[in-house]
Amino acid sequence: MPVALCAMSHSPLMGRNDPDQEVIDAVDAAFDHARRFIADFAPDLIVIFAPDHYNGVFYDLLPPFCIGAGAQSVGDYGTEAGPLDVDRDAARTITREVLDSGIDAAFSERMHVDHGFAQALQLLVGSIIAVPTVPIFINSVAEPLGPVSRVRLLGETVGRAANKLDKRVLFVGSGGLSHDPPIPQFTSSPEQVRERLIDGRNPSDAERKAREQRVITAGRDFAAGTATIQPLNPHWDQHLLEILASGELEQIDTWTNDWFVEQAGHSSHEVRTWIAAYAALHANGPYQVTSSFYRAIPEWIAGFAITTALTLSSNHTK
Ligand SMILES: O=C(O)/C=C/c1cccc(O)c1O
Ligand SMILES: [Fe+2]
């Protein structure tokens, strides 16, 4: 069956701390193109790879990967809250293939997800319940992280499993590219923050509002040049986009976790979701990137990219 891909950056600062109108118009046009691409492809299933940001997954139990057969969006930053429309049978089929391939992914019948998943689904297909979905969490925030090669292998295996589903599958990656928003690191956090990172479920409205306001303010300061967060790295971002477009994904295996952070900030690990999505596409045959958008957008604290791709054997006719 045909398969396709859309990989995108997310940022909850969109609409809260906006750049010049020209930039907004360019991003809107890129999302319009991506939405048309997806509507033309008409997926039966979306397999979305996304991170969490201490809203659904915490240090009390932190798997490198988790496949959701059921998922609940927590609704942070005003994103759509509630259950996603998860295809349980597809999730269980994919999980069996991933475990049989020797990748020890966790499995959840009620995975809690945040803006990493919800914003992407809302922007690409209008809602967290518009298209049946298999959500796959990839830890991209809470160190220690495994080697990025395991992410590519996860994506490859998911791609092979999806190929057996007899469905038109869209692979989505959500996050990145280079960016270093003020998300706490466990080892450098005070005890009170560590407690939230271990089990910060169900914060009060006031706690969630204060946390979100801190990030929004950081975005304002970053755009004004007064923030102390790591600069975006457009050069690194473009290099990554070129490798993903080339299909030669193995060369990323040699990138160490420290190098990601040095080059592109702590949250650059979110590009693991892109690597997994492209590896899943690659498992279905040679592909071509059909659109690629990139802007460094400090107001949103993101090297912001949106790409679409299609295997050469796929086409948009049903
Ligand atoms: O509030 C958070 O936890 C993260 C916000 C954020 C900001 C900018 C880019 C991203 O990818 C984010 O998740
Ligand atoms: Fe993020």
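Source: prediction; values computed, not measured.

## Some words on the UniProt feature "active site" (unreviewed entry) in the chain
In this structure's numbering, the residues bearing the UniProt feature "active site" (unreviewed entry) are His115 and His179. As for its placement among the helices and strands, His115 is situated in helix α3 (residues 115-125). Judged by relative accessible area, His115 falls into the buried class, the value being 5%. With sequence-adjacent residues up to four places away left out, His115 is seen in contact with His10, Pro12, His53, Asp76, Tyr77, Thr79 and Ala120. Structurally, His179 can be placed in the loop between β9 (169-174) and α5 (191-199). In contact with His179, not counting residues within four places along its chain, are Leu232, Ala264, Gly265, His266, Ser267, Ser268, Glu270, Ile301 and Ala302. In this structure the side chain of His179 is engaged in a polar contact, spanning 2.8 Å, whose partner is the backbone oxygen of Leu177.

## Quick word on the environment of Gly68
Mapped onto the elements, Gly68 comes out in strand β3 (residues 65-68). You can call Gly68 buried: its relative accessible area is 0%. In contact with Gly68, other than residues within four places in its own chain, are Val86, Ala91, Ser108, Met111, Val134 and Pro135.

Conventions used here
- Numbers given for residues are sequential positions, taken from 1 along each chain in its written order.
- All chains are assigned letters beginning at A, and all ligands numbers beginning at 1, according to the order in which they are written.
- Under the rules for a predicted model, residues below a pLDDT of 70 receive no local features and side-chain atom pairs below 80 are neither given nor counted, while totals for whole chains, interfaces and linings still include all residues.
- For side-chain calculations, the full set of non-hydrogen atoms in the structure is used, while hydrogens and water are omitted.
- UniProt positions are given in the numbering used here, feature names are shortened, and annotations may be inferred rather than shown by experiment.
- In this text, helices come from DSSP runs of H or I with a minimum length of four residues, and strands from runs of E with a minimum of two, each type numbered from the N-terminal end.
- Any residue under 20% of the maximum accessible area for its type is buried, any over 50% is exposed, and the rest in between are partly exposed; the area is computed with a 1.4 Å probe on protein chains only.
- Should any heavy atoms of two residues lie within 4.5 Å, those residues are counted as being in contact.
- Nitrogen and oxygen atoms within 3.5 Å of one another constitute a polar contact, given that in protein one can donate a hydrogen and the other can accept it, and given that sequence-neighbouring residues count only through two side-chain atoms.

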